[in-house]
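Chains, contacts and geometry: an overview
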Amino acid sequence: MTSQFSPKSDFLRTLMDRGYIHQCSDFEGLDQKARSGMLTAYVGYDCTAPSLHIGNLISGMMLHWFQQTGHRPITLMGGGTTRVGDPSGKDETRKLLTVEQIEGNKNSIKGVFGKLLNYGPDGNGAIMVDNAEWLTKLNYIDMLRDIGRHFSINRMLTMDSVKLRLEREQELSFIEFNYMILQSYDFVELARNYNCSLQMGGSDQWGNIVNGVDLGRRMGTHQLYALTTPLLTTASGAKMGKTASGAVWLNADMFSPYDYWQFWRNTEDADVSRFLKLFTLMPLDEIARLSALAGSEINDAKKILATEATALLHGRAAAEEAAETARKTFEEGIAAETLPSFNLPIGTGLLAANVAVGFASSNSNARQLVESGAVRINDVVITDTRRILTAEDFRDGAIKLSMGKKKHVLIKA
RNA sequence: GGGGGAAUGUCCCGAGCGGCAAAGGGGGCGGACUGUAAAUCCGCUGGCUACGCCUUCGCAGGUUCGAGUCCUGCUUCCCCCA
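Treat the numbers as computed from the prediction; the structure is a model and nothing was measured. (Residues numbered from 1 in each chain as written. Chains lettered and ligands numbered in written order. Predicted model: local features only at pLDDT ≥ 70, side-chain atom pairs only at ≥ 80, totals over all residues. Heavy atoms only, no water.)

**With respect to helix H1 (residues 10-18)**
Definition in use: Throughout, exposure labels follow a simple rule: accessible area from a 1.4 Å probe, protein chains only, divided by the maximum for the residue type, with under 20% read as buried, over 50% as exposed, and the rest as partly exposed. Only runs of H or I of at least four residues qualify as helices and only runs of E of at least two qualify as strands under DSSP, and these elements are numbered from the N terminus. Arc, as used here, means the arc of the directions from the helix axis to the C-beta atoms. Should any heavy atoms of two residues lie within 4.5 Å, those residues are considered in contact.
Among all positions in H1, only Phe11, Leu12, Thr14, Leu15 and Arg18 are buried. Here the buried residues of H1 occupy an arc of 160° about the axis, which is enough to place them on one side. Taken together, the buried residues of H1 touch helix H2 (27-35), helix H3 (54-68), strand E5 (198-202), strand E6 (225-229), helix H14 (272-279) and helix H15 (284-291). Of the residues flanking the end of H1, it is Gly19, one or two places downstream, whose phi is positive at about 85°.

**Brief notes about the sheet that holds strand E10 (residues 375-377)**
Within a sheet, neighbouring strands are paired by backbone hydrogen bonds and run either parallel or antiparallel to one another. As a reminder of what qualifies: The criterion for strand pairing is that DSSP finds at least two bridges linking the strands in question.
Reading across the sheet, the 5 strands line up as E9-E13-E12-E10-E11 and stay open at both edges, with mixed pairing between neighbours. The two strands at the open ends of the sheet, each matched to only one other strand, are strand E9 (341-343) and strand E11 (380-381). Here 3 bridges tie E10 to strand E12 (residues 399-403), and the two strands are oriented antiparallel to one another. Each residue of the ladder has a partner; that of Val375, found in E12, is Met403.

**Brief notes about a nonpolar patch on the surface**
Let me state the cut-off plainly: Patches here are clusters of residues that have more than 30% relative accessible area and form no salt bridge, with a 9 Å joining cutoff for like charges and a 5 Å cutoff for nonpolar side chains (Val, Leu, Ile, Met, Phe, Trp, Tyr). Per-residue and other accessible areas were derived by the Shrake-Rupley procedure at a 1.4 Å probe size, with only the shown protein chains allowed to occlude residues. The term salt bridge refers to a side-chain nitrogen of Lys or Arg lying within 4 Å of a carboxyl oxygen of Asp or Glu.
A surface patch of nonpolar side chains, about 440 Å² in accessible area, is lined by Tyr140, Ile141, Leu144 and Phe174. Ranked by the residues each element gives to the nonpolar patch, the list is headed by helix H7 (residues 140-146), at 3 residues. Within the element layout of this structure, Leu144 appears in helix H7.

**A look at the environment of Ala323**
Along the polypeptide, Ala323 turns up in helix H17 (residues 316-332). Between the C-alpha atoms of Ala323 and Gln262, which are 61 residues apart in sequence, the distance is 8.7 Å. Sequence-distant contacts of Ala323, defined by excluding residues within four places in its chain, comprise Trp261 and Thr307.

**Concerning the packing of H14 against helix H16 (residues 298-314)**
Put simply, the test is: Between N-to-C directions, angles cover 0 to 180 degrees, with each direction set by a line fitted to C-alpha atoms, over the stretch in contact for helices. If an angle is under 35 degrees, it is roughly parallel; if it is over 145, roughly antiparallel; if it lies from 65 to 115, roughly perpendicular; otherwise it is oblique. We call a crossing left-handed when the near helix sits turned anticlockwise from the far one by less than a right angle, and right-handed when that turn is clockwise. Note that Gly is not counted as nonpolar here; it falls among the polar residues with everything else outside the nonpolar set of Ala, Val, Leu, Ile, Met, Phe, Trp, Tyr, Cys and Pro and the charged set of Asp, Glu, Lys and Arg.
Contact pair H14 / H16: the axes reach a minimum separation of 10 Å and the direction vectors enclose 20°. By the criterion of interaxial angle, the relationship of H14 to H16 is roughly parallel. In this structure, the crossing between H14 and H16 has a hand that is left-handed. Note on element contacts: H16 touches H14 through Ile298, Ala301, Lys302, Leu305, Ala309 and Leu312, opposite Val272, Phe275, Leu276 and Phe279. Among the residues making up the contact of H14 with H16, the classes are represented as 9 nonpolar, no polar and 1 charged.

Listed below in structure tokens is the structure:
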């Protein structure tokens, strides 16, 4: 158990103190190695979507601290493995993405790492590689002889990712079955070419990672290590990262800094301390002070969490702006100029307006919401479904339209 | 190759004697209570030019006043035997 081990290396101590560690293949060994010089570690990222989401942010933060404590991080883009598809934790086969989609996603994902890591030529400058570089060049027969012979089908069948599918009598295609072999090989490849000795990832990656450690031993690399983070859940046990509009994406064009700030602002009380440690760079003693706040005072801690987490990802200026927009909107009740705005002509029906700004999915949906008293024009509840936006509704050239307590937009003519 | 099952509201799971816009969950959204929290309670959760109309139960036909429900063919998936 992690709690019985007290690490001496800066790296592991930092990770443990901040709550990043779930499992490690060999704590003592890794700790010792981290004290004896610069290590190289990597995390692999799927290219299944055009942006990473907050679930991926934890491993990215681990790489950040890894670098901060003097080591060299590698971000591995799964340009090759995404063509195969990871069956871990999935109920059914995902549709295969085209190579073009994968390349597009890869390029769109890359940007976020520049916020967390320093790339560059200096001693421990981060490195970015794409496993398509070597995986697409593998020759089938050679691969079977060099790599495949080290894998036991008997053991592969006991891996969770495989076992689950078999037990549930769900299809597991041959291509997916091969995924763990490729990911394992990645580790060996990075060990050989970059002297990489540690792979980190989410707890669902444990099986894939230890397979790589194993393959390394069989193929004669130096000792490799596995380190995983806990699954990100709220204190109530719900999986994190999903909201009404989908996942909490890290790319600003898919999830705005303001929404991102709001996401963290709405954290459950019981999660504040944990999230401050995981998703901000604040010193632990400062976090301890904030965590001690009780009752409604903990809202101050939530604002700091939101601002710091947003600043880390989107920059200080965007974070301050989001905080200010929120303050005006929620604490002063005035329409902040920086709220999301839409252009709609005077005379637009209230229902149509709600659909246009994304509050409702259809006129019917909008009608129901209006009737239930959820919709406000300039902070006045409107229940008339035939209401039309008029010139008199404009205050300083804009109408503040609200859905529920939290969603507000400005409408301009 | 032979035999037996399955496919339901496009978020998911899942009931469904021939009268069904289709039970029940989960999730989501909204309301109340609060602190932009949690828990709890209530409402909504196919669409529309809306006391009515239109479109939905794998696909295509058929029987019937009427089909998610019965019949035929097809597709996909699963299980057993070979």
